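Residue strings, one per chain:
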Amino acid sequence: MTLALRPWRRLLSAFLLFVSAAALHAVSVSGTVTDPLGYPIANAVVALVQNGKVIVSRTTGPDGGYTLVSARSGRFYVLASGRSFRQLETQSFYGGTLSAVVQNIVLEPEWVRQSVVVTDTGRPEPQAQATGSITGIGALQLENRSTIVDALRMAPGVSVVQTGERGGESSLFIRGGSSDANRVLLDGVPIEDIGGQFDFGNLSTTGLDHVEIYRGPNSTLYGADAASGVVALTTPRGSTQFPSLLYEGSAGNFGTYRNQVQLGGMKRRLDYYGGFSGLQTGNSIPMDKYHDNTSVANLGWSWSARTEIRVTARDSDSATGVPSANGGYSFDGIANDEKESDQDSYGTATITHSFRDNLHGTVRYGLVRKREESQQWYPAGNLLTGSDLGAGNYYGDVVTLTGANGYSVTGQVLMNYSAADGAVYPWNLALDSNRDDLFAQMDYQHGPHLGIIGGFRFEDERGMEGEPVYGLRQALERGNYDYQAQMGGQFKNRLFYTASGAVEKNGLFGTVASPRIGGTWYIVRPGRGLHGTKANFNFARGYQEPTLSQQFGSLYSFLQANSGQATVAQDGIAPIGAELSRSYDGGVEQSLFSQRATVHAAYFHNEFGNQIEDVPASLVPTLLPNLTPAQQQQLEAQLNNDFAYELDLNSLSWRAQGVETEIDYGLGRNIYLRGGYTYLSAVVQRSFQSTECLEAGTTSPCSNPNFPGIVIGDYAPVVGGRPFRRPPHTGFTSAIYTGKRWTGVVDAAFASRSDDSTFLGADDVNFGNTLLLPNRNLDYGYTKLDAGVSYELKPWVSVYTQLNNLTSSQHISPIGYPSLPFNTLTGLRFNWGLK
C-alpha cells in the first residue's frame, strides 16, 4: 500500500510547491542529479545562482531529485556538486513569474574528462552513454591558437593534411574516408561546400566554444556528406551578469600579428556574445602572404521559460598567396603570381520550445554563402626556348624532387602556358556555393527505456563555377528533402541503444536511404579500482552528394551540353549518382585506478563504393553495362567527335579498416594526459582513372621511363594501392596543466609515410612523365610538437605564448609543400568584467 501511494505523494508535493511558488510570484527550478550512466546522486548540493550570488540551495533526495524556489525572476544558473564529483555549472536560463524550469544535471567523477555530446543522437547526452566514437576539443585547447587545424590532430582515427603554410588548404580524413565525406556543422547548420569540401585552413578559433568530431557515417541524422564523419562547431554564449570584455593582441615571427576582441554577457531575457579577430602573416615562402578577418555574433532571447529564440552569425574574409602553379612551391623553385580569396558567411536562426518536460521541438533555419576567387596577373616562370616540345611556355627552375621512398627526379616543371597556346592573363576562377537549410525536429522521451526523435530537413543548394576570360560559366540548383526517425534509450543504466533511419530525395541523384544502429553495454559498472568495463558496437550506411565540378564533368552533363539529349534518352544515361559508404565498428573501454584513467580500443571496417573519379572518355562506354555493343560504339564515336577527354563516373571503390586506441589519465586535479594511436589499412579495390595515361597519349597506365616496370597513378592511386594521403600510422599525445595562475598545453602529433603523387604527368619540358615519382610511401612521415603557456599577472591581465613546430619539421605537408618552420605568437590578454 505504501508503494502504491508514492506517486500520489510526489504529485501532492509538486502541487504544493506550485501553489507556494504562485503565492510568492516565484520561479521554480527542479530536476534530477545523476552520474553519467543515469544513476541518481543523493545528497548532492544544488544551488540557484543569480548575479553571481547564491539565492537558494538544497541537497538532493535519495532519488537525486531537487526543487529550488525563488521569488526573483531573470537570468539564473544552477551550481551542483557532490562527493567525489566535479562541480558543474549549467548554462544560464531565464525564469519568470510562475515559471517552472526543468534542469536535469549530469555530474562527472572528479577524475573523468568526458562531457555532454550531441553528434551521436542529435540531442545532448552524456558521452558515457553515446554509442558512437566521439572526441571533444574544448576551449582550453583552442585558446592560444589562431586556427583550428592543429587542434584537429588531437583525435584518434583522424588525419589532417595542410597543403602549405599558414592559410594553406587543410583537409580532414576520418578513418580512411575522403576529405569531402565529412559533414561540418556550425550550431547545427551544415556549412561545407556543395558536395562536402571544406577548408579548415582559414577557420579561425575566434567564436568557437568547443568542437566535436564524430567518427563514422551519420547520414541518418545529418544527411548527405556525413559519409565518413561529422565535425560540429559551437559558438559561445554570453554567461556573465555584467558585460565582459576580452581583448588580446599578439605578434610573432614571419611578420605575424593577431588581434582579437570578444564581448559577452546577459541581461534578463537576453544573452549576447560578439567576437572579432584579425590575423596577418608573411609566412616563410615568397608570395605567400595570408590574412583573415573573422566576425562572430550569438544572440539569445528567452521568450519564456520554455521557449528560446537564438540567432548566430559568422563571417570570414581571407586571402592567401598561391606560390606555386602546380601545388607545391618545391616543384617550381619560383613563386607564382596567384592569389586566392574566400568570403564565407554563415547564419542560423533557431526556435526551441518545451511543450512538456519530455516533449521538445526545434525549428532551425541555416544560411550559407561561400565565394572563392582565384586570380593570376601574369605568367610567372622562365620562358623556355630551344627545341623542346614545351618551348614558348613558362617553366620553373631546375629542381630535384626526392620522395620518402628514396626515388628522385630532376627537371623543370611547367608553370604557365603562353598566350600562343591559348592562355589569357590576367585570369580568374570564381566558385560560388550557397545553401538555405530548413530543419524541424520533435523529441519525445517516454521514460528511460524509449526516446523518439523525428525530423525533416529541406536544402536549397545553388552553385556556380566560372572562368570569365574564357567565357565559361556553369550553374546548378538542387532541392533536397530529408526525412529521419530515431529511437533510443537505456535499460538498468547499463545498456544504451540507438536505432535510426533516414530517406533523402536529392535533387540530383534521387532517393537514397541510410540506416544506423548502435549499442553500449557496461559489463562492469564504473567504480573503485578496476571497475568500469564498457563494450560498444555501431553499424551505419552513409552517402555523399557530388561536388560542383563532378556534376559539371559527368557524362550526363557533357551530353546535355553537347546536343546529346537523344543519346541520353536512348541509352538511359542518368545523372551522376551518390557516393556510398558502409561501416561497422566495435570496441572496449576500461577504467583504471578508480576512474582516474581510461583505456579505449576499437576496430573499424569501412567500405567506400560508387565513388566518383575522372575516367578516360574512351573507357566510359564500356563501363555502362546497360548498353549493347552497338550502343557502346555509337557513344564512343559521339564522345570522340565532341573532343571528350575525361568524364566523371561512379566507378571507384576502396576499403579502409583499422584499429584506434586512446588513453586518458587525470593526474591529480591539475594535470590531464591524453594519447592515441591509429593503424589504418586501406586499399583501392576498383578504379579506371589510372588505366590509361592520357597525358602521354597512350592507352597504357602511366609510368616514368626512368623507373621501368613501375606503374604510377598520376591523379589517382592504382588498383591494389593505398588511397592518397592516408598514413597507415598516426597518433598524438597531449598534456594539459591548469593551475591558479599557470596554464599550459603541450601537443604532439605524428604520422608515418603515406602514398601520394607529384601530379606532374605531362609537365616536363617535352610534355612527358619524367617528373612522376612512384606512389608508394611518397610523402614523408613527421612529428609536430607544439606548446602553449599562459600566466595570469593580475586578475585582469595575462601573458601568453604559443610555440608551433618546435622541431621545424619540413615534411608535415605533402611532397612539394614546405611546412612552416618553428613559429611563435606572444601577447597579452586583458579581461574586464564582473561575474
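In this text, all values refer to a predicted model and were calculated from it rather than measured experimentally.

Undergrad: Outline empty space enclosed by the protein, listing residues and values.
TA: One pass over the full model with this rule turns up 13 cavities of 30 Å³ or more. Put simply, the largest cavity is a space of about 310 Å³. In this structure, the largest cavity is lined by 22 residues; those nearest its centre are Asp150, Gln162, Lys784, Leu820 and Asn823. Contributions of two or more residues to the lining of the largest cavity are made by helix H3 (149-152), strand E44 (797-804) and strand E45 (823-832). Tallied by class, the residues present in the lining of the largest cavity amount to 4 nonpolar, 12 polar and 6 charged. Estimated volume of the second largest cavity: approximately 130 Å³. Residue lining of the second largest cavity: 15 residues in total, with Val161, Pro727, Ser754, Tyr782 and Ile812 positioned closest to the centre. Per-element tally for the lining of the second largest cavity: the top contributor is strand E13 (residues 158-162), with 3 residues.

Undergrad: Report on the sheet that holds strand E18 (residues 229-234), specifying residues and quantitative values.
TA: Judged by pairing direction, the sheet is mixed, and its 5 strands sit side by side in the order E12-E17-E18-E15-E16 without closing on themselves. The open sheet has two free edges, formed respectively by strand E12 (133-137) and strand E16 (189-190), since each of these has just one partner strand.

Undergrad: So what's going on with the nonpolar core? Which residues, and what values?
TA: Formed by 24 residues in total, the largest nonpolar core has its most connected members in Ile148, Leu152, Leu172, Ile191, Phe200 and Leu233. For this core, the secondary-structure elements that each account for two or more residues are H3, E13, strand E14 (170-174), strand E15 (182-186), strand E17 (210-215) and E18. With near-sequence residues (within four places) excluded, isoleucine 148 lies in contact with Leu142, Phe200, Leu203, Thr205, Leu208, Val211 and Leu233. Listed in part, the 18 residues of the second largest apolar core include Val29, Val46, Val56 and Ala80.

Undergrad: Run through the pairing of strand E22 (residues 290-302), naming residues and quoting values.
TA: Alternating residues of E22 divide into Tyr290, Asp292, Thr294, Val296, Asn298, Gly300 and Ser302, all buried, and His291, Asn293, Ser295, Ala297, Leu299 and Trp301, none buried. Summarising the sheet, strand E21 (residues 270-281) and E22 pair through 12 bridges and their orientation is antiparallel. Across the sheet, tyrosine 273 pairs through a bridge with asparagine 298, a residue of E22. By the bridge criterion, 13 bridges tie E22 to strand E23 (residues 307-321) in an arrangement that is antiparallel. Within E23, the position partnered with alanine 297 by the bridge is alanine 313. What sits between E22 and E23 in their antiparallel hairpin is a turn of 4 residues.

Undergrad: Can you explain unusual backbone geometry? Please cite residues and give values.
TA: Omega for the peptide link from tyrosine 425 to proline 426 comes to -5°, which places this bond in the cis form. Position of proline 426 relative to the elements: it lies in the loop between strand E30 (414-416) and strand E31 (427-446). With a phi angle near 65°, arginine 725 is a residue other than glycine that sits in the positive phi range. When you line up the elements, arginine 725 lands in the loop between strand E40 (671-686) and strand E41 (729-738).

Undergrad: Hey, could you go over the confidence of the model for the chain for me, with residue numbers and the actual values?
TA: A residue-level look at the chain finds 95% of positions with pLDDT of 70 or above and a mean pLDDT of 90. Across residues 1-7, confidence stays below pLDDT 50; counting only partners more than four residues off in sequence or on other chains, it has 1 contact.

Undergrad: Report on the packing of aromatic side chains, specifying residues and quantitative values.
TA: Tallying each qualifying case throughout the model produces 15 aromatic pairs. With 5.6 Å between their ring centres and 5° between their planes, phenylalanine 830 and tryptophan 832 make a pair best called stacked. Given a relative accessible area of 41%, tryptophan 832 falls into the partly exposed group. Put simply, the rings of Tyr247, Trp796, Phe830 and Trp832 touch in pairs and so form one group of aromatic residues. Over the face of the ring belonging to tyrosine 39 we find arginine 525, whose NZ or CZ atom lies 3.7 Å from the ring centre. We note arginine 829 situated over the ring of tyrosine 800; from NZ or CZ to the ring centre the distance is 4.1 Å.

Rules of the game
- Residues numbered from 1 in each chain as written.
- Predicted model: local features only at pLDDT ≥ 70, side-chain atom pairs only at ≥ 80, totals over all residues.
- Heavy atoms only, no water.
- 1 Å grid on protein atoms, 1.4 Å probe; cavity = no way out; pocket = protein on both sides within 12 Å on 5 of 7 lines; lining within 4 Å.
- Points joined across faces, edges and corners; volume = space filled by probe spheres on them.
- Helix = DSSP H or I, 4+ residues; strand = E, 2+ residues; numbered from the N terminus.
- Nonpolar A, V, L, I, M, F, W, Y, C, P; charged D, E, K, R; others polar.
- Pairing = 2+ DSSP bridges.
- Core = buried A, V, L, I, M, F, W, Y, C linked by side-chain atoms within 4.5 Å.
- Buried < 20%, exposed > 50% of the residue type's maximum accessible area, 1.4 Å probe, protein only.
- Contact = heavy atoms within 4.5 Å.
- pLDDT = per-residue confidence, 0-100.
- Phe/Tyr/Trp six-rings, centres within 6.5 Å; stacked < 30°, edge-to-face > 60°.
- Lys NZ or Arg CZ within 6 Å of the ring centre and 35° of its normal.

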